[in-house]
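Each chain is listed here by its residues.
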Amino acid sequence: MSTLVIVESPTKARTIRNYLPKDYRVEASMGHVRDLPQSASEIPAAVKGETWAQLGVNVDADFEPVYVVPKDKKKIVTQLKEALKEATELILATDEDREGESISWHLYQLLKPKIPTKRMVFHEITQEAIKKALKNCRNIDEQLVRAQETRRILDRLVGYTLSPLLWKKIAWGLSAGRVQSVAVSLLVTKERQRRAFREGAYWDLKASLEQNKSSFTSLLVTLGGTKVATGSDFDSSTGQIATGRNVVLLSEEDAIALKDRLTGQPWTVSDVEERPVTRKPSPPFTTSTLQQESNRKLRLSARDTMRVAQSLYEQGYITYMRTDSVHLSDQAIAAARDSVEKLYGKSYLSPQPRQYTTKSKGAQEAHEAIRPAGSSFRTPQETGLSGRELALYDLIWKRTVACQMADSRQTQITVQLKVEDAGFRSSGKRIDFPGYLRAYVEGSDDPEAALEDQEVILPSLKVGDHPNCKDLAAVDHETQPPARYTEATLVKTLESEGIGRPSTYASIIGTIIDKGYTQLVNNALIPTFTAFAVTTLLEKHFPDIVDPSFTSKMEQTLDDIAEGEAKWLPYLREFYLGDQGLETLVREQESQIDATKARTVELENLAAKVRIGKYGPYIEVDNGDGVITASIPKDLTPADLDPKQVEVLLRQKTVGPDQLGRHPETGEPIYVKIGAYGPYVQLGDKSDENPKPKQASLPKGVTPETITLETAIGLLSLPRNLGVHPATGGKIQTSLGRFGPYVVHDQGKEGKDYRSLKASDDVLTITLERALELLSEQKKTRGSANSKSKAALKELGTHPDDDAPVNIYDGPYGPYIKHNKTNAGLPEGVSVEDVTLPQALELLAAKASTSKSTRKTTKSTTTKSKSTTAKSKTATKKKAVEG
C-alpha cells in the first residue's frame, strides 16, 4: 500500500517528505496544472469558431469555463498520472487558501482518481502540523472552489472585454483589470492632486534655550494670543490660508522683525503638562501588513516580499504567508511568550496572553497570522538563513514576539513659554518602561537605536522658570504636495478600501509597473501619461470599473459566494449580460469613444496637448505656422509638466537646440538637446554623411542649464581608456550607462566585469588606481543587468546542441534560465535548487517554440488587410491582465 501526496512545489515536497512515513510518495504539480487559455493557440479546436472562444468562457452556456493544460505542464500531468497508477490512496495537500483549494480541485478533475482521495491542509510545515493534518483530512470544499472560479471568470471577463477596446482607442498592448484599473486610478488621482497643488509659504521662529546647562528647543506657536500659521492651515488648491482659519501668517519680514524684537527679552515658563501614555504592540503580520512593513524597512517590493515569504514557508520557517487573519494559536502564543521570558525577562511579558481578532468579514483564507513555524520559535541567528530570507524572517520573528510583550509606558511632556506677546512650545517624551519596544519598533531595524531616538529629554522645568535663550532664528517653510503612493501605502489603501485580496496585491503592483502604467522611482509609484489616458477613458465610459466602492462590493459578493450566502451564476449574468452589464456597455460605448480624444491627455493649466503615440507620449502645439510635436522625456512626470517645460521641449524644434560651443579638435558644434530619455549632448549635425552623430546623456546632477562646454567634451569622449589590468592585461574603461557611471574590465573569453561608480567618483576624472580599487570590491549584482556580467545563481551544465552554458540568474521578476539569447522564467512554485538540466532544456525549448510562433503570427498578420489584422489581433490577443 502506498499513498501519493501532491503539493505545489518541489521545495514544499522535499520539506514535507521528511515528516511522512516511508510509504508516502510526495510529488509537485509546479503550481496550477489547468487554466483558461492564454492565447489563440491554446483555444481547443472544438470551440475555436465560437464568438466567445477568445474569452475562454462560454457566456451563452452558464459561463462554463474552457480549461486547458498549458504546454509546459503537460509532461508534469503525465508524470502525476503515472505516479497515481502505483498508489492506493491520493492526498491533495496544496495550500489552504482558495487558490490552493482550486489547484486541488483541478488536479482531481484532471487525474480522475479511482482510489480514495483526501484533501489535507496545514498552516505550517512542521512535523507536528503534518501529523495532525494527516489525521484530519477532509473533502475538497466546493464552495471555496466555486468562489475562486467565479473570481477567475470575473477577472477574465473584465480583462479580455476591455483590453481590446483600449488597443483600438489608445495603444496596442494596454490592459484593463478588475483590481488593476482601480489601483491605476488611485495613482492618477493622487497625481492630479499634485498637479492641482499650489505651494504656500510661511515663516516661524525656532529658539535654542538652556536651563541648568541642559539645552532644548522651542517653536513659536502663538502671537498676541492668536495661533501662528503652519502647513495644515493652507488650502492646497490655492496656496493661501484656508477659509475660516483664524491664524497669523508671518512673512520673512515679519519673522525677522519679530526675532529682532524678542532678542534679549526674558523668557518665562507659563505651563508644564505631563501626560502618561500607554502604547500597545501591533498585531502579528497579515499578508498586507507584511508587504507594507517589508517595503518600509527592507525596501522589498510586494512581489519580492511574497517570493521570499513563499520560500520561508516551504522550507518550514514560517506559517502560511497568504492570510487576512491576525489570530494566533495557543501554541504560537505560548512559543512567543517563552521567547520573551528567555530573552527579556518576565517583566517584559504582557500580564495576560494577547489574542488578536480580525475585523474583516472576508478573513477566511487561513487560520493564523504569519509567524515563525513550530511550537518553539527559532531566533533569527539559529535559522542559518542569510540575505533577504534572514531579513524577512527577522522581521516576522520580532513582530510576533513583540505582540506578547508588555505595553510601552511613556510620559508626554509639553512646556509652554512666553516672551513678550509670543508663545512658544517645547515637547518632550520620556520612556518610563520600553515594553515591546525592546523587540520591535515600526519603521526601524535597530530597536535599541530607535528606543533612543524616540525619547526627547527636556530639562526639569516648572512654571515661573526663566530659561536662557542662546539663539533665536527665523525659519522659512513651504507646504508640500500630497505624497505619491509607495508600494506600502498603495497596499494599505487597497486593503482599507476592500479592493482585491491581499494575496494578489504583489502581482497587481508588478503588473501595473510591467505594463507601463507607473514607474517606480525612489520607492514612489509615479503614474505615466498612458495611465492618465486609460483612467480618463474608463472614468468617462465605464465608471464602475474604476470605482473603489463598486470593486469593494464585488469582493464582498465573492466572499459571500465562498460562504454560501450568494449564488455565483446570477451574479455573473447580471455583471456581464445584464441591461447595464459589461458586454452591453462595451457594445454601446465603443462607437461613442473618439480614438483621437482618447489618446489625448488634458492637463489643467496647460495649453499644449499631450497625446499617446506609438512610441510614447508627446506634446503637440499649433503655433500658427503648423503643428509642432516633441517627445516627452520618460523622467518627466505628469505633475511636473508645466508651460515652462513645454517651451523648453518645443524650442529645440522651432529655434533649434542650444549650442554650447565647438569641439576644439574637430570644430563641430556641440548641442544640448532633450529626448525621450532626458537631456543629452550631441556632437555635430545629423546629415547623410553623419546619420548618427555621437551623443552622451547628462549624468545625475548635471542639467542643460548647468552643463559647461568642458563637461560636454568630456562626456562625448566616453568611454575613456584608463589602462590595463595588472593581473590580466585586459583593458579597463569608464563610461556612462543605463544605470549611471561605471568602470568595466574586459576579461576576454571570461566576459566583462562591471562596477558602478560611487557618489564621490567622477566619470570624467576617475583614475586607473581608483578603478582597480572598485573592481576589487565584491560585486553587487543588479537584477536587470546583463547576465554575463554577474554570477549565476546556479550552473546547470551545457546545452547538448551547442555546448553553450545553461545557467540560472536572478532577474528583476525572479530567477530565470538562460541559454544564449533565450530566457525562460521558472514555473510558479519552483525554486532554483529544484531545477535540473533536463527540466531547464524543456522550459527553454517551450519558450523558443512560443517565440517562433509569435514571430510567425506577427509576420503573417502584417501581410493581411487592415480589417483582417484587426480581427487577428482580437483573436490572438496578448495576455490581457486580469485582476
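It should be emphasised that the depicted structure is a prediction, and the values quoted were computed from it without experimental measurement.

**Remarks on a negative patch on the surface**
Right, so step 1: Judged by side-chain charge, Glu 199, Glu 252, Glu 253, Asp 254, Asp 476 and Glu 478 come together as a negatively charged surface patch.
Right, so step 2: Secondary structure elements with two or more residues in the negative patch: α7 (252-262) and β13 (468-478).
Right, so step 3: With respect to the helices, strands and loops of the structure, Glu 253 is situated in helix α7.
Right, so step 4: Classification of Glu 253 as exposed rests on a relative accessible area of 58%.

**Structural notes on the packing of aromatic side chains**
Right, so step 1: Within the structure shown, the criterion is met by 11 aromatic pairs.
Right, so step 2: A centroid spacing of 6.1 Å and a plane angle of 35° characterise the contact between Tyr 809 and Tyr 816, whose relative ring orientation is tilted.
Right, so step 3: Judged by its relative accessible area of 15%, Tyr 816 is buried.
Right, so step 4: Geometry around Tyr 160 places Arg 156 over its ring, the cationic atom sitting 3.9 Å from the centre.
Right, so step 5: Note that Lys 190 overlies the ring of Tyr 485, its terminal NZ or CZ placed 4.9 Å from the centroid.

**Considerations on unusual backbone geometry**
Right, so step 1: Residue Pro 719 is reached from Leu 718 by a cis peptide bond, and omega for that bond is 0°.
Right, so step 2: With respect to the element layout, Pro 719 can be found in the loop between α22 (709-716) and β24 (720-724).
Right, so step 3: The backbone of Lys 213 sits at a positive phi, close to 65°, despite the residue not being glycine.
Right, so step 4: On the secondary structure map, Lys 213 appears in the loop between β7 (201-211) and β8 (214-223).
Right, so step 5: On the basis of relative accessible area, Lys 213 is assigned to the exposed category, the value being 79%.

**Description of the environment of Gln 454**
Right, so step 1: With respect to the element layout, Gln 454 can be found in helix α13 (residues 447-454).
Right, so step 2: Accessibility expressed as a relative area gives 15% for Gln 454, which makes it buried.
Right, so step 3: Taking C-alpha positions, Gln 454 is 57 Å from Gly 578, a pair spaced 124 residues apart along the chain.
Right, so step 4: Beyond its immediate stretch of four places on either side in the chain, Gln 454 contacts Arg 279, Gln 410, Lys 429, Ile 431, Leu 437 and Val 441.

**Thoughts on the pattern of salt bridges**
Right, so step 1: Under the definition given, this model contains 44 salt bridges.
Right, so step 2: Across the salt bridge formed by Arg 651 and Asp 658, the nearest N and O atoms sit 3.0 Å from each other.
Right, so step 3: Judged by relative accessible area, Arg 651 falls into the partly exposed class, the value being 32%.
Right, so step 4: Residues joined by salt bridges that share partners form a network here, namely Arg 98, Asp 324, Arg 501 and Asp 559.

**Description of the side chain of His 663**
Right, so step 1: Take His 663: it is sitting in the loop between β20 (658-662) and β21 (669-675).
Right, so step 2: Apart from residues no more than four positions distant in its own chain, His 663 is found in contact with Glu 668, Ile 670, Leu 683 and Ile 713.

**Concerning the sheet that holds strand β6 (residues 117-119)**
Right, so step 1: Spatial ordering of the open sheet is given by β2-β1-β5-β6, a layout of four strands whose pairing is parallel. This sheet does not close on itself; its edge strands, each paired only once, are β2 (24-28) and β6. Going from strand to strand, the sheet's axes swing by 20° on average, the running direction of each strand aside.
Right, so step 2: As defined by bridge partners, strand β1 (residues 3-7) adjoins strand β5 (residues 89-92) across four bridges and the pair is classed as parallel. Across the sheet, Ile 6 pairs through a bridge with Leu 92, a residue of β5.
Right, so step 3: The strands touched by helix α3 (residues 98-111) are β1, β5 and β6; relative to β6, the strand with the most contacts, the crossing angle is about 170°.

Reading guide: rules and limits
- Numbering of residues begins from 1 in every chain and follows the order in which that chain's sequence is written.
- Selection of residues for local features in this predicted model requires a pLDDT of at least 70, selection of side-chain atom pairs for listing and counting requires 80 or more, and totals for whole chains, interfaces and linings are taken over all residues.
- Excluding hydrogens and water, the side-chain values take into account all heavy atoms of the structure.
- Patch membership requires more than 30% relative accessible area and the absence of a salt bridge. Residues of like charge join within 9 Å; the nonpolar side chains Val, Leu, Ile, Met, Phe, Trp and Tyr join within 5 Å.
- To measure how exposed things are, a 1.4 Å probe is used in the Shrake-Rupley method; for residues, cover is taken only from the protein chains shown.
- The term salt bridge refers to a pairing of a side-chain nitrogen on Lys or Arg with a carboxyl oxygen on Asp or Glu at a separation within 4 Å.
- The positive count covers Lys and Arg only, the negative count covers Asp and Glu only, and His and the chain ends enter neither.
- Charge placement uses NZ in Lys and CZ in Arg. For Asp and Glu, CG and CD serve respectively.
- Here a strand is any run of E in DSSP of at least two residues, a helix any run of H or I of at least four, and the numbering for each starts at the N terminus.
- Partly exposed residues are those whose accessible area sits between 20% and 50% of the maximum for their type, while under 20% is buried and over 50% is exposed, using a 1.4 Å probe and protein chains only.
- Note on ring pairs: Phe, Tyr and Trp rings are taken, using the six-membered ring of Trp, and paired if centres are within 6.5 Å. Classes follow the plane angle, with under 30 degrees stacked, over 60 edge-to-face and the rest tilted.
- Note on geometry: a ring has a charge over it if NZ (lysine) or CZ (arginine) is within 6 Å of the ring centre and within 35 degrees of the ring normal.
- In what follows, a contact means two residues having at least one pair of non-hydrogen atoms within 4.5 Å.
- Each pair of strands is called paired provided DSSP finds at least two bridges between the two strands.
- Axes here mean lines fitted to C-alpha atoms, for a helix over just the part in contact, with angles spanning 0 to 180 degrees between N-to-C directions.

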